Amino acid sequence: MRSLSLRYLLAAAFLATGLFLGPAVFAEDQSPGAAGPTTSPAATVPADLFVGLAEQLKDAIVTISHQGRDGSQEGLGTGFVIDKAGLVATSRHVIGDARPIEVHFRDGQKGIVTSVYATDHHTDLAILKLDVQENLLSQALSLSSDTAGALSQGELVAAIGHPLGLKNTLVTGIVSGQQTIERQELIQVAMPIDHGNSGGPLVNRNGEVIGIITYKSSVSDNVGFAMPVSHLRELMDDPNPIAISQWITIGALDPALWTVKFGGNWRQRAGRIHAAGQGAGFGGRTLCIATQTPESPDDFEIAVDVKLEEESGAAGLVMFSDGNNRHYGFYPSSGRLRFSRFDGPDVFRWNVLQELETDAYRPDEWNRLKVHYSNGTFNCYCNGELVYSIQDSVYTQGNHGLAKFRDTVAVFRGFQQANEIRDPGLSEELENQLRQRLSELPTADLEKQTALDSLQEFPGTASESLSIQARELEQRAEALRSLSQRLHERHVLTEIQSELSSEAPSLGRLALMLAWHDNREVDVASYEMQLRRMAEAIRDRIKSEKLKPTEIRQVLDQYLFEDNGFHGSRTDYYSVSNSYLNEVLDDREGLPVTLSVLYIDLADRLGIDVRGIGLPGHYITAQYVDDEPVAYIDVFAEGHELSALELGLRMPASGPREADPLQPQSVAEILIRMINNLKRTAEEEGDFVTVQRYVELLVALDTEHAAEHRYLRALLTIRKKDAEAAEKDLAWLEEHGQAVIGQQRLIELRRFADNWLYE
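What counts, and at which threshold
Residues numbered from 1 in each chain as written. Predicted model: local features only at pLDDT ≥ 70, side-chain atom pairs only at ≥ 80, totals over all residues. Heavy atoms only, no water. Helix = DSSP H or I, 4+ residues; strand = E, 2+ residues; numbered from the N terminus. Buried < 20%, exposed > 50% of the residue type's maximum accessible area, 1.4 Å probe, protein only. Contact = heavy atoms within 4.5 Å. Pairing = 2+ DSSP bridges. Axes fitted to C-alpha atoms, helices over the stretch in contact; angles between N-to-C directions. Parallel < 35°, antiparallel > 145°, perpendicular 65-115°, else oblique. Left-handed = near helix turned anticlockwise from the far one by under 90°. Nonpolar A, V, L, I, M, F, W, Y, C, P; charged D, E, K, R; others polar. Patch = residues over 30% accessible without salt bridge, like charges linked within 9 Å, V, L, I, M, F, W, Y side chains within 5 Å. Areas by Shrake-Rupley, 256 points an atom, 1.4 Å probe, with all protein chains shown as cover. Salt bridge = Lys/Arg side-chain N within 4 Å of Asp/Glu carboxyl O. Polar contact = N/O pair within 3.5 Å; in protein donor to acceptor, adjacent residues only side chain to side chain. Phe/Tyr/Trp six-rings, centres within 6.5 Å; stacked < 30°, edge-to-face > 60°. Core = buried A, V, L, I, M, F, W, Y, C linked by side-chain atoms within 4.5 Å.

> Explain the overall build of the protein here, please?
Counting secondary structure elements, the protein contains 18 helices and 38 strands. Relative to its full complement of 759 residues, the protein shows a buried share of 49%. Sequence-distant contacts, at least 24 apart, represent 63% of the contacts inside the protein between residues at least 6 apart.

So this is what it looks like as structure tokens:
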């Protein structure tokens, strides 16, 4: 933070990132209603003077960030192209000190920084040199020839930057004066400066750069400062270039040990190598090649521990690299272990020789990759387990090392290459002894000193073995919890089927059982008691009067909607709570179908005939008297009785109808609709585990659509690698489902199963 002289009543906040929002704002990505010019008290600027400026300048504006010591992003500032030969200007503080620098253009493409072309601490200016790419460096801003002294007070100015991360935002203001701060004359502007704007251009009405935004005021939101452009021109004329490889010193790899190919960001910290950022190679490929090689090029081993931030990434070992595009690779990719031969710069010359999903690979954890090469044979290991052997001898010379692809963030440790590499874990004998010793220790004693003392005879690598056992126990505990839940769900399904087969199944009880299916803490009996008490309270209001069925319904309406405030959930419509009857009773709001279930259940307890009507996209009820409908009620709208016109507007569009849309639904059909609602919510959230829970219910209860449900269940079980369950559904579909699913879809499903389950 830089402070300004108090005699100006300013304390300029030195921005690690920053630009500015001003009187007129034109952002590329605005939410609805936010578009168009707005004004600020900073100054009154005719917005139309700068309407075309954003479009004119946008392709020359870049986002600049630098990394901190831990590899995280520490800065977000602005820069602008000043020469199509690859020069980008910004503020010196935006690029940090000896930090990796990233430059991104408006369309998201990345500019590769080749050198820090020029810097000046006194003027807080920097110029970066980018690798020339015509599609990126298509526009450069013009620098004004005026000096700061030539600017007039009140002159209209504008800037484009990224305040608070809002990309490519144009702001306007005026030149309000000039100030000398730390012996440097600056342009004072009446416009707010904020994080993300530092380093951006201050331009006049002609789009010429007159300054570079540098400071903000900590006293006033509408005062900022810019370095006059004349200092930038001087810096361009007298550069002091530093290659980016020399600039980056924090965590830099030792060039005597490693050579980085195709860019990317390879850093070393705490004995580990961190890799981030896309490489310049196809598919974001970047290599980190060891300069040393094993003594025997024909028979050797290489190994490394690797951990991916996201399992969708890819990173691992490289063998026989020619220092360019040709090499072998053994690496996890999207959770599968892949062995490839790279014969050129693009995917058409990449050959995947083997790919396998294996339990040996542990997602989200450290995984030890090892390759034993001997005369054209690659034996590939993961965590000590041989996963496959590959015979290929296209490349037999070159160096070995590490690789990563795409936007993968990966960490490597313990890279080794030697004639023989011993696995760091315990021998099988010691591992068995350790497990036996642990089995003799009560769980309560594991935290005690005696447990530690009993293991002191084992080598230090026993700690890693204990970590592995802990992970195994955690996985088993998770599997047991899942099994417990599925066993509970099967029990609830049995109870639901029993209720449905009874002489007069209770819709309220079934809806509560559905909630119990998802949450075993739901006390069905207690909520049933609540429904009985509610019905008794309504009955108390009518027992002394002889009321018609329609009048009893009016009493029900008053009790529910006026006296107790039950209502349709409009502000939080998609909350899953609205689908559970117990939570509707607790919160007094819900979906149309859940409120209708409550309404139907209470009506049944009161002896009036109310039935459920499943319209497309909405659920209503109908009151019947003498088996004829006398009213259609929208329970979601607090019991509103629908007119003929309103009912007509709810009807499906004209066309052939398979069934009368006003046909009342059975208790089972209402329950199935509730299950489908829950399934749809889970699908939208991508929660396939929960989707399968509802599919299991539908397979058992909705026999009319058995083929569709079994088809979806087959897809889900194939995805889970549950071959036995998948084969049962496949066999059923092949025998009973062709008419509904179609032969071609079943062929595709079988092909998917064969590829996924038995590859």
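Next comes the rest of the write-up.
> Teacher, can you tell me more about the sheet that holds strand S32 (residues 410-418) here?
What holds strands together in a sheet is hydrogen bonding between their backbones, with the strands either parallel or antiparallel. Read from one edge to the other, the open sheet built from seven strands follows the order S20-S21-S32-S23-S28-S29-S30, with strand pairing classed as antiparallel. Each of the sheet's edge strands pairs with one partner strand only, and the pair in question is strand S20 (263-269) and strand S30 (385-391). Across the sheet, the mean angle from the axis of one strand to that of its neighbour is 25°, orientation sign disregarded. Here three bridges tie strand S21 (residues 272-279) to S32, and the two strands are oriented antiparallel to one another. When the sheet's bridge partners are listed, Ile273 is paired in S32 with Phe412.

> Please explain the pairing of strand S31 (residues 399-405) as it appears in this structure.
As a general feature of sheets, a regular strand has side chains that alternate between the two faces. For S31, the buried fraction is high: six of the seven residues fall into the buried class. Pairing of strand S22 (residues 286-290) with S31, which is carried by four bridges, proceeds in the antiparallel orientation. Bridging across to S31, Ile289 finds its partner in Gly401. Relative to S31, strand S24 (residues 314-321) runs antiparallel, the two sharing six bridges.

> What should I look at first to understand the sheet that holds strand S6 (residues 87-91) in this one?
Taken in spatial order, the eight strands of this open sheet run S8-S7-S4-S5-S6-S10-S9-S18, and their pairing is antiparallel. At either margin of the open sheet sits one strand with a lone partner, and together these are strand S8 (110-111) and strand S18 (242-243). Taken together, the six bridges between strand S9 (residues 113-120) and strand S10 (residues 125-130) define a ladder with antiparallel strand orientation. Within the sheet, the bridge partner assigned to Val113 lies in S10 and is Leu130.

> So what exactly am I meant to see when it comes to the packing of helix H7 (residues 507-518) against helix H13 (residues 667-684) here?
Axis angle and axis distance: for two packed helices, these are the angle between their axes and the distance between the axes, and together they describe the pair. One can describe the packing of H7 onto H13 by two numbers: an axis separation of 10 Å at closest approach and a directional angle of 30°. In terms of orientation, H7 and H13 fall into the roughly parallel class. When you trace H7 past H13, the crossing you get is right-handed. Where H7 approaches H13, its residues Leu507, Leu510, Ala511, Leu514 and Asp518 are matched on the opposing element by Val667, Ile670, Leu671, Met674, Ile675 and Leu678. Looking at side-chain class alone, the contact of H7 with H13 contains ten nonpolar, no polar and one charged residues.

> Even after reading the chapter, I still don't get a nonpolar patch on the surface, so can you show me in this structure?
Together, Phe282, Val347 and Phe348 give the surface a local cluster of nonpolar side chains, amounting to about 350 Å² of exposed area. Assessed through its relative accessible area of 40%, Val347 is described here as partly exposed.

> What exactly am I supposed to notice about the environment of Asn325 here?
Along the chain, Asn325 falls in the loop between S24 and strand S25 (326-333). By relative accessible area, which is 16% here, Asn325 ends up buried. Residues Asn325 and Gly281, spaced 44 residues apart in sequence, show a C-alpha to C-alpha distance of 8.3 Å. In this structure, Asn325 is in contact with Phe262, Arg285, Phe342, Asp343, Gly344 and Pro345, ignoring residues within four places of it in sequence.

> Could you clarify how one ought to interpret the side chain of Gln179 in this entry?
Mapped onto the elements of the fold, Gln179 is located in strand S12 (residues 169-181). At a separation of 2.9 Å, a polar atom in the side chain of Gln179 contacts the side chain of Gln188.

> Could you clarify how one ought to interpret the packing of aromatic side chains in this entry?
Two aromatic rings are characterised by how far apart their centres lie and by the angle between their planes. This model, assessed by the stated rule, comprises 23 aromatic pairs. Seen from their ring centres, Phe320 and Phe378 are 6.3 Å apart, and the 80° between their planes marks the pair as edge-to-face. Here Phe378 lies in strand S29 (residues 377-382) and Phe320 lies in strand S24, a separation of 58 residues in the sequence. Just as Phe320 is buried, Phe378 falls in that class too. Here Phe752 and Trp756 contribute two aromatic rings whose centre-to-centre distance is 6.1 Å and whose plane-to-plane angle is 25°, an arrangement assigned as stacked.

> What am I meant to see in the nonpolar core here?
Soluble globular proteins tend to pack their nonpolar side chains together in the buried interior. Core analysis: the biggest nonpolar cluster contains 56 residues, and Met534, Leu560, Leu598 and Leu602 have the highest contact counts within it. Aside from chain neighbours lying at most four places away, what touches Met534 is Tyr559, Leu560, Phe566, Leu585, Leu598 and Leu602. In this structure, Ile61, Val81, Leu186 and Met227 belong to the second largest nonpolar core, which totals 46 residues.

> When you look at the pairing of strand S11 (residues 156-161) in this model, what are you seeing that I'm missing?
The element S11 is extensively covered by neighbouring structure, given that six of its six residues are classed as buried. In this sheet, S12 lies alongside S11 in antiparallel orientation, the contact comprising six bridges. Of the residues in S12, the one forming a bridge with Ala159 is Val171. Pairing of S11 with strand S15 (residues 201-203) involves two bridges; the strand directions are antiparallel.

> What is the right way to look at unusual backbone geometry in this model?
For residues other than glycine, phi is negative in most cases, and the peptide bonds are mostly trans. If you check the backbone angles, Asp364 has positive phi at about 65° while not being a glycine. Here Asp626, not a glycine, exhibits a phi torsion of approximately 55°, which is positive. Along the chain, Asp626 turns up in the loop between strand S36 (618-625) and strand S37 (628-634). Assessed through its relative accessible area of 74%, Asp626 is described here as exposed.

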